[in-house]
Amino acid sequence: MKKVFEFVEKQNVDVASKLTVRLPFDERKKSRLKTQTECGEALGFMLPRGQILRDGTLLIDEDGRVIQVLAAVETVSVVETENPHLLLRAAYHLGNRHVPLQIDQTRLLYQHDHVLDDMVTGLGLSVSVQQLPFEPEDGAYAPGSGHSHGHHHHEH
């Protein structure tokens with residue numbers, strides 16, 4: 001198993017020769033993780049604590065090879081509406097429960113939970129269950145807050 005210890009900036013590497021790892025959000029929160037590349041090679045992540053691996057994050061293994069982390073498709077609940085007031089109400093109530101939440105212009109995504117789905121439906125919104133990559137907000141107390149990670153930032 002190859003060890004992965006550090007982040008690398010996109011401009012410093014040849015991304016054409018990279019290896020790829022697809023991980024769900026719960027695994028991208030971990031600083032210690034055994035996983036494997038899409039081609040089946042075993043990797044052991046030993047990264048600084050407190051970092052979330054975002055879709056497109058680049059890492060480097062002990063042999064100097066670039067590993068690109070991609071957000072895996074997972075089961076999420078999707079709340080969509082053109083009504084900003086209803087969307088804000090749902091975001092408030094989900095945030096009040098400390099639910100990791102992806103916030104887009106007209107929709108919210110969270111890891112599927114039928115109890116939360118019922119709560120959101122009770123607020124007057126509809127919820128669909130879909131298979132999508134999940135990229136929640138970092139949270140107000142994350143370094144730099146918003147989408148700042150102290151390392152490579154991907155394009156949306």
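Scroll up for the structure.
In this report, the structure presented in the accompanying data block is examined. (Residues numbered from 1 in each chain as written. Predicted model: local features only at pLDDT ≥ 70, side-chain atom pairs only at ≥ 80, totals over all residues. Heavy atoms only, no water.)

## Topic: the environment of Leu-132
Phase 1 of the analysis: Examined against the element boundaries, Leu-132 turns out to sit in strand S10 (residues 127-133).
Phase 2 of the analysis: Placed 54 residues apart in sequence, Leu-132 and Val-78 show a C-alpha to C-alpha distance of 9.5 Å.
Phase 3 of the analysis: Excluding its chain neighbours within four sequence positions, the residues that come into contact with Leu-132 are Ala-72, Val-73, Glu-74, Val-76, Val-78, Arg-107 and Leu-109. (Helix = DSSP H or I, 4+ residues; strand = E, 2+ residues; numbered from the N terminus. Contact = heavy atoms within 4.5 Å.)

## Section: the nonpolar core
Phase 1 of the analysis: Counting residues in each nonpolar core, the largest one holds 15 residues, and the members touching the most others are Leu-94, Leu-108, Tyr-110 and Val-120.
Phase 2 of the analysis: Contributions of two or more residues to this core are made by helix H2 (84-96), strand S9 (107-111) and helix H3 (114-122).
Phase 3 of the analysis: Setting aside chain neighbours within four positions, we find Leu-94 in contact with Val-99, Leu-101, Leu-108, Tyr-110, Leu-116, Met-119 and Val-120.
Phase 4 of the analysis: Within the second largest apolar cluster, 13 residues are counted, among which are Val-4, Leu-43, Phe-45 and Ile-67. (Core = buried A, V, L, I, M, F, W, Y, C linked by side-chain atoms within 4.5 Å. Buried < 20%, exposed > 50% of the residue type's maximum accessible area, 1.4 Å probe, protein only.)

## Focus on the pattern of salt bridges
Phase 1 of the analysis: A full pass over the atoms with the stated rule returns nine salt bridges.
Phase 2 of the analysis: Ionic pairing is found between Arg-65 and Asp-61, a salt bridge with its closest N-O pair at 2.7 Å.
Phase 3 of the analysis: With relative accessibility at 26%, the residue Arg-65 sits in the partly exposed group.
Phase 4 of the analysis: Taking relative accessible area as the criterion, Asp-61 reaches 5% and is therefore assigned buried.
Phase 5 of the analysis: What you see here is one network of salt bridges that share partners, running through Arg-28, Arg-54, Glu-135 and Asp-138. (Salt bridge = Lys/Arg side-chain N within 4 Å of Asp/Glu carboxyl O.)

## Re the sheet that holds strand S5 (residues 58-61)
Phase 1 of the analysis: If you trace the six strands from one edge of the open sheet to the other, you get S2-S6-S5-S1-S4-S3, paired in mixed fashion. Bordering the open sheet on either side are strand S2 (19-23) and strand S3 (32-36), each of which pairs with just one other strand. Within the sheet, the average angular offset between the axes of one strand and its neighbour, ignoring direction, is 35°.
Phase 2 of the analysis: Pairing of S3 with strand S4 (residues 42-46), which is carried by five bridges, proceeds in the antiparallel orientation. (Pairing = 2+ DSSP bridges. Axes fitted to C-alpha atoms, helices over the stretch in contact; angles between N-to-C directions.)

## What to know about the environment of Glu-9
Phase 1 of the analysis: When you line up the elements, Glu-9 lands in the loop between strand S1 (2-7) and S2.
Phase 2 of the analysis: Residues Glu-9 and Thr-57 lie 48 residues apart in sequence; the distance between their C-alpha atoms is 8.7 Å.

## A few points about the side chain of Glu-135
Phase 1 of the analysis: For Glu-135, the location among the structural elements is in the segment after S10.
Phase 2 of the analysis: Take Glu-135: its relative accessible area is 14%, and that puts it in the buried class.
Phase 3 of the analysis: Separated by 2.5 Å, the side chains of Glu-135 and Arg-28 make a polar contact.
Phase 4 of the analysis: A distance of 3.0 Å separates the side chain of Glu-135 from the backbone nitrogen of Asp-55, its partner in a polar contact. (Polar contact = N/O pair within 3.5 Å; in protein donor to acceptor, adjacent residues only side chain to side chain.)

## Description of unusual backbone geometry
Phase 1 of the analysis: The phi angle at His-98 is positive, at roughly 55°, despite the residue not being glycine.
Phase 2 of the analysis: Here His-98 lies in the loop between H2 and strand S8 (102-103).
Phase 3 of the analysis: On the basis of relative accessibility, which here comes to 71%, the residue His-98 falls in the exposed class.

## Focus on H2
Phase 1 of the analysis: If you check H2, its first and last C-alpha atoms are 18 Å apart, about what 13 residues at 1.5 Å a residue would give, namely 18 Å.
Phase 2 of the analysis: Looking at H2, one finds that the buried residues are Leu-86, Leu-87, Ala-90, Ala-91 and Leu-94. Projected down its long axis, H2 carries its buried residues within an arc of 135°, all on one side. Away from its buried face by more than 90 degrees, H2 exposes Pro-84, His-85, Leu-88 and Tyr-92.
Phase 3 of the analysis: Its buried side turned inward, H2 meets strand S7 (73-80), S9 and H3.
Phase 4 of the analysis: N-cap assignment for H2: the residue whose side-chain oxygen lies 2.9 Å from the backbone N of His-85 is Asn-83.
Phase 5 of the analysis: Following H2 by one or two positions, His-98 has its phi on the positive side, about 55°. (Expected span 1.5 Å × (residues − 1). Arc of directions from axis to C-beta.)

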